[in-house]
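Okay, here's what each chain looks like letter by letter:
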Amino acid sequence: MNFNDEELSLVALAPCYHFTKEGILFTRLLKKSTKKAKLGKSYVEKWFCLRSNLLFRMKGIDRTSGVAGVIVLERCSIELDSEESDSCFSFVIGQNGDQEPIYLGSKSESERDQWLSALHTASYECMKMQLESLREQIVIKTGRDPITSPYSGPVSNSNASEDETPYIEMCLSCSQLRSTADGTCNTMIDILSLVPSFHEWRLIGQTEIVEQSHNPLFMKTIGLADQYTNPKARIRLVVYDVRELLSKTRTRVGQTTFVLEDLMSAGKLNLDIISPDSSQVGSVNVMSWSLPSPSDGSTYASVHAQSDPTSALHLSKAFRSKKKEQLKFLFSNTICKAFRFPSLNNHKLSVCEMMAESRLTFILPVTFLKFVLHENNQWLDSLHQLFTVETRIDSQKMQLFERLTEFSDYLSTTIHLLNTKHPRQTFKATVLKGEQTLETIPINLHIHRLLVHNEFNQTGSSHDMITVGAFAAHARGFKHGGMNRILKSYSASAAHSSLLQKQLHVLNASDELNHLRNSLVTECEKISAACQVQDKELLKESMDSFQEKSKHLMELCTKQPLLVESMFALHASVRHATNNSSKRTTRVTPPSAQSHAKRSTSYDKAQSPNFMETNDKSARQSPPKNLSSQDAWNGALLNVKQASSDLLAKAQKCIDEIEPPRWSETIDSDKMKCEAFLEKLYSLASLGLTHSSIQMSSEDPFTSSLQQLIRFTAIRSQALASAVTGLLAKVRFNITDTHFLEQLSQLGVVLYFESLLSCYGAEKGMLEDFIFGVNWLVNVEFRFTESFSAKDDYMDHPPVITGNRIKPRVSLPIPSASFQLLPEALQKGETFKVVPVFFNIGFDETATIAERLGTTEVQDKANRSSYGTLMSYYSKYEELFGSVSTTPNSRYSVQELLIKLDQNISDCKKKNMEIIQLASEVCRKLNCVHFVSCKSAKDRTAMSITLYECRILQQEHDLSPHLFEKALSCLRSEGARRENTFKNIGFPRYAFSSLQLLSFPKLYRPPTGTYGPHQN
């Protein structure tokens, strides 16, 4: 057979414990052209090694002489040699086909029998038969197939569900452990439970792997849910030596068994580990602690209240339970992983990771899409009214109308699919990022919480991070780059910013006109009502209000530059179209009234209570026909002014008369005339503003095509859902922190986005989309509203979105008890803004390529810009609150950290991860909302988060420096982020290859055995 010499030699020269049997054998090779030679002349000595179904023959008589050949022991016969002589105990390996048999021999009969036994059981077919036999025996005894369902309990840190807290926890360590292999052990322990009611052993947890130690201390704790806390339950600890970390090939070292009641009564147990041959191979130390079980009233927690270690652990667990309970209002499907790490002074740190899905993952994007659909349909209504007037931009008008119509179809379809196919869903896996129906949903959105409790001084702290995939239109691809590159192809960013401001002014002017029109109509009704009841005081009050608002309307229409310019542009456009109408051979056909009516009903207000109701009665008013001169606008203004004066004069006359005969009949005709002129004025002004918005849309890259509209919407939807999740969590978890609330009210809050994308290939497009989405959050205003709902659940009462398409406003409902703790300004409805900052450093192999090609301009520009924003924010912070107080473990002040950050950004050092670390530390001291992202917030995000956690443990909680890398490895191999990979792709592996890891910084590499391809 053909084989690779190097790989075969590597297998053959492995340590001796990998082989089933090895030793010297006599071998005789026959040539096809000769008959059998005599035994004494044909046999030579060679070294043979048997590993699995491969029998290696060496060149010499020792195992280091090199591989001469290999025999694959499949579909072959192994028999005694019928012609053996006294000088050699030989046997034959017969092969299929016309291949010659292989004659081997040994020096003694017993040795030959050992080889025959080993060779007979070496083939795959034989092992398969043995497996089936054992499988049948297990099924007969337990009634359960060990292959299809090896254990009924999950292998996790805690076998409790989301709403079920583990009531007993254990931590383990071994001493004087001896392994059958050469050298030290790579130790791990399986924990099994046999509860009397179950009648079978169930795997309830595993420790991490502690490498190269005879005295392993396991940092991961094992939790037992209430169903496993029966005092009569038996616990079995099975100790393994993991031979190969990558495949987790392991051999059993030994085991020990105890009754749970003994452990809970003693608090600590020291047990002997018994090997399969009944010899002692070391000991295991078990320490436990517990809290009362609400279901059975267990009194375990009071057993060792006087014992310092366990009482400290009771308090630690109570702290953890409280923090977990906090998550339920906004998060679901919580995963907990608990550990105990030693500190510098030999005290213990109780550490817990929590990871939970945001309840807003789907519901907030749906709310945002409804808001966008509402705004889009209002724009379509305005465009439809402009079709009744012929202008010189009719072709642009028609193109924009068709584009917005298609966009409305897309929004309506997407909303329907999300509501029907994904109701109350809270998680979008990374494997779904290519689904266009889900492109507005943020990828892998979670909160990641680190809880630390010092068991000696009983102090605790929590640190929250939001993890989410990059805000990007993944389903649309990045053939032409991301949003920032698209913007650059149209115009400079400064010009685009100016265009957005003009569009915002148009929308604000339209809203203000609409508000004044509605207010004046309301005052007209009040004047009429006062006349009907003959209330002079009410009538005088209504007249004063009407006169003030009418004056404001006249000033807006005559002195507002944007409105005046819009009307001049409309008149010029109509005049130009009128003068050239005779030269045209074709005309733009307006959309039919039927198709427009169908489009207008696509947004159902009754089903969408999250938006501010607008009076669109004027949208159905016929616009003035004579728009070719300025006289139409001036005439409309004079009509409103005259009608207002007539109404006020008639109302004053009613007041002056002592006994007015019929007040209401006297004033009703003037009221109706005033309302009609107001409608005509507003209709004309709306046409002018709509005309201006169409002209601006020709320069707007967002409305240049349907694809850009969809990309723009998808990025904003993902960014807003993530930002609201982080903001609500930050405020609700710090509602009693008066300093933070004042900071929020006066300065806003910093949203710190830590990104790990590269600047090469598709990820460069993702990075451009991501930066755009983060920067867009500056335009969003937030405010708090008081929620009186008895159920604190944001899926039933999501945030409300109002405002306009340029500047949305998000109202965040919080319970009354929390609302009363807000600063007075925020309680009164004052809005606040967020301050987003974005730092990106790529560290994978594509980042290496980008650095060598010099394509990191996007990253460098974003880092420099965000540094300036952060520096400006801190300057304002110092003016209001003074310098940030330093902690005993803090090496640098915020000012010093900012200086170091500036230096590192200027250095242009390759893969300078210190930029991320310094920015994270600054933002932690400034009470920022911390976001961590990569392409899908799964693999690189896990490396960054776990490193950040260990830095916190070292800087703020005195984690022993010599245990830093061990704690880092433990969090990556057994922590919540490993579970996140399983949720996303179905395999608990980080998607890295060995070749990729060569380009990673050392501290960003996962432990051996935790990474690999996605396939099984």
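On a predicted model such as this, the values are computed, not experimentally measured, just so you know. (Residues numbered from 1 in each chain as written. Predicted model: local features only at pLDDT ≥ 70, side-chain atom pairs only at ≥ 80, totals over all residues. Heavy atoms only, no water.)

**Student:** Could you give an account of the overall build of the chain, naming the residues involved and the relevant values?
**Tutor:** Of regular secondary structure, the chain possesses 28 helices and 25 strands. For the chain, restricting intrachain contacts to residue pairs at least 6 apart in sequence, the fraction spanning at least 24 positions comes to 73%. For the chain, the exposed area adds up to about 45400 Å²; of that, 51% sits on carbon and sulfur atoms. (Helix = DSSP H or I, 4+ residues; strand = E, 2+ residues; numbered from the N terminus. Contact = heavy atoms within 4.5 Å. Areas by Shrake-Rupley, 256 points an atom, 1.4 Å probe, with all protein chains shown as cover.)

**Student:** Before we move on, could you go through a nonpolar patch on the surface and cite the residues and values that matter?
**Tutor:** A cluster of nonpolar side chains, contributed by Tyr760, Ile849 and Leu853, occupies part of the molecular surface with about 270 Å² of accessible area. Judged by relative accessible area, which is 36%, Tyr760 ranks as partly exposed. (Patch = residues over 30% accessible without salt bridge, like charges linked within 9 Å, V, L, I, M, F, W, Y side chains within 5 Å. Salt bridge = Lys/Arg side-chain N within 4 Å of Asp/Glu carboxyl O. Buried < 20%, exposed > 50% of the residue type's maximum accessible area, 1.4 Å probe, protein only.)

**Student:** Provide a residue-level description of the environment of Lys938, including the pertinent values.
**Tutor:** With respect to the element layout, Lys938 can be found in the loop between β25 (929-933) and α25 (940-957). Sequence spacing of Lys938 and Val468 is 470 residues, and the spatial spacing of their C-alpha atoms is 8.5 Å. Within the structure, the side chain of Lys938 is placed 2.5 Å from the side chain of Asp939, a separation counted as a polar contact. (Polar contact = N/O pair within 3.5 Å; in protein donor to acceptor, adjacent residues only side chain to side chain.)

**Student:** Can you break down the state of the cysteines residue by residue, with the values?
**Tutor:** Within the structure shown, the criterion is met by 0 disulfides. Distance from the sulfur of Cys185, which forms no disulfide, to the nearest cysteine sulfur (Cys174) is 9.1 Å. (Disulfide = S-S within 2.5 Å.)

**Student:** Tell me what's going on with the confidence of the model for the chain, and back it up with residues and numbers.
**Tutor:** Summarising the model, the chain shows a mean pLDDT of 82, and 82% of its residues fall at 70 or more. Element-level mean pLDDT values for the chain span from 50 in helix α13 (residues 593-600) up to 97 in β25. Taken together, the stretch residues 32-41 has pLDDT below 50 and engages in 11 contacts with residues farther than four places along the chain or on a different chain. (pLDDT = per-residue confidence, 0-100.)

**Student:** Tell me about the pattern of salt bridges, and please be specific about residues and values.
**Tutor:** Within the structure shown, the criterion is met by 35 salt bridges. Ionic pairing is found between Glu325 and Lys328, a salt bridge with its closest N-O pair at 3.5 Å. Connected via shared salt-bridge partners are Arg424, Lys791, Asp793 and Asp796.

**Student:** Go over the pairing of strand β20 (residues 749-755), please, and point to the residues and values.
**Tutor:** Most of β20 sits out of view: 7 of its 7 residues are buried. Alternating positions in β20 separate into two faces, Val749, Leu751, Phe753 and Ser755 on one and Val750, Tyr752 and Glu754 on the other, with burial throughout. Relative to β25, β20 runs parallel, the two being bridged by 5 bridges. Looking at the pairing, Phe753 lines up with Phe931 of β25. (Pairing = 2+ DSSP bridges.)

**Student:** With reference to specific residues and values, describe unusual backbone geometry.
**Tutor:** Phi angles above zero are rare outside glycine, and Lys911 is one such case at about 45 degrees. Tracing the backbone shows Lys911 in the loop between α23 (894-907) and α24 (914-925).

**Student:** Let's hear about the sheet that holds strand β23 (residues 808-815): which residues, and what values?
**Tutor:** Sheet architecture is open: 10 strands sit in the order β16-β17-β18-β19-β25-β20-β24-β21-β23-β22, paired in mixed fashion. The open sheet has two edge strands, β16 (331-342) and β22 (800-803), and neither has a second partner. Between one strand axis and the next, the sheet turns by 30 degrees as a mean value, whatever way the strands run. By the bridge criterion, 9 bridges tie strand β17 (residues 348-358) to strand β18 (residues 446-454) in an arrangement that is antiparallel. By the bridge assignment for β18, Val351 is matched with Val452. Most of the contacts of helix α7 (residues 360-386) go to β22, to which it runs at about 25 degrees, and overall it touches β17, β22 and β23. Contacts from α24 reach β19 (459-467), β20, β24 (832-840) and β25 within the one sheet, and its direction differs from that of β20 by about 160 degrees. (Axes fitted to C-alpha atoms, helices over the stretch in contact; angles between N-to-C directions.)

**Student:** Residues and numbers for empty space enclosed by the protein, please.
**Tutor:** Scanning the model with the defined rule gives 6 cavities of 30 Å³ or more in all. Empty space within the largest cavity amounts to approximately 250 Å³. Considering the residues around the largest cavity, the lining is formed by 18 residues, among which Trp379, Leu709, Phe712, Arg716 and Arg805 are closest to the centre. Contributing elements (two or more residues each) for the lining of the largest cavity: α7, α8 (394-421), α10 (493-533) and α16 (706-733). With 5 residues, the top contributor of residues to the lining of the largest cavity is α7. Broken down by class, the residue content of the lining of the largest cavity amounts to 10 nonpolar, 4 polar and 4 charged. When its volume is computed, the second largest cavity comes out at roughly 100 Å³. Looking at the second largest cavity, the residues that line it are Glu754, Ile916, Gln917, Ser920, Glu921, Arg924, Ser944, Leu947, Tyr948, Arg951, Gln955 and Tyr1004. For the lining of the second largest cavity, the secondary structure elements donating two or more residues are α24 and α25. Across the lining of the second largest cavity, the residue classes tally to 4 nonpolar, 4 polar and 4 charged. (1 Å grid on protein atoms, 1.4 Å probe; cavity = no way out; pocket = protein on both sides within 12 Å on 5 of 7 lines; lining within 4 Å. Points joined across faces, edges and corners; volume = space filled by probe spheres on them. Nonpolar A, V, L, I, M, F, W, Y, C, P; charged D, E, K, R; others polar.)

**Student:** Give a detailed account of the side chain of Glu675, specifying residues and quantitative values.
**Tutor:** Following the sequence through the fold, Glu675 ends up in helix α15 (residues 663-697). For Glu675, a relative accessible area of 16% translates into the label buried.

**Student:** Quick rundown of the packing of aromatic side chains? Include the residues and the values.
**Tutor:** Following the criterion strictly, the structure yields 21 aromatic pairs and no others. Aromatic pair Phe843 and Tyr1004: ring centres 4.8 Å apart, planes at 40 degrees, arrangement tilted. Of this pair, Phe843 sits in the loop between β24 and α21 (845-853) while Tyr1004 sits in the segment after α28 (994-997); the two residues are 161 residues apart in sequence, bridging distant segments of the chain. For Phe843, a relative accessible area of 0% gives the class buried. Taking the relative accessible area as the measure of exposure, Tyr1004 reaches 2% and is therefore buried. What links up through ring pairs into an aromatic cluster is the set Phe471, Phe753, Phe770, Phe838 and Phe931. The ring of Trp201 has Arg236 lying over it, and the distance from NZ or CZ to the ring centre is 4.1 Å. (Phe/Tyr/Trp six-rings, centres within 6.5 Å; stacked < 30°, edge-to-face > 60°. Lys NZ or Arg CZ within 6 Å of the ring centre and 35° of its normal.)

**Student:** Provide a residue-level description of the nonpolar core, including the pertinent values.
**Tutor:** Counting residues in hydrophobic clusters, the biggest one holds 138 residues, and the most contacted among them are Leu553, Leu720, Phe782 and Phe784. The element that contributes the greatest number of residues to this core is α16, accounting for 14 residues. Membership of the second largest hydrophobic core comes to 60 residues, among which are Leu349, Leu756, Leu953 and Tyr1011. (Core = buried A, V, L, I, M, F, W, Y, C linked by side-chain atoms within 4.5 Å.)

**Student:** Which residues make up helix α18 (residues 762-776), and what values go with them?
**Tutor:** For α18, spanning 15 residues, the distance from its first C-alpha to its last is 21 Å, which sits close to the expected 21 Å at 1.5 Å a residue. With 12 of its 15 residues buried, α18 lies for the most part within the structure. For α18, the set of buried residues is Glu763, Gly765, Met766, Leu767, Glu768, Asp769, Phe770, Ile771, Phe772, Gly773, Val774 and Trp776. (Expected span 1.5 Å × (residues − 1).)

**Student:** Please provide a residue-by-residue account of the sheet that holds strand β2 (residues 44-51), values included.
**Tutor:** One open sheet accounts for 7 strands, arranged β4-β3-β2-β1-β7-β6-β5; its pairing is antiparallel. Edge strands, defined here as strands with exactly one partner in the open sheet, are β4 (67-72) and β5 (76-80). When the angles between neighbouring strand axes are averaged without regard to direction, this sheet yields 35 degrees. When strand β1 (residues 21-28) meets β2, the two strands line up antiparallel, connected through 7 bridges. Looking at the pairing, Phe26 lines up with Glu45 of β2.

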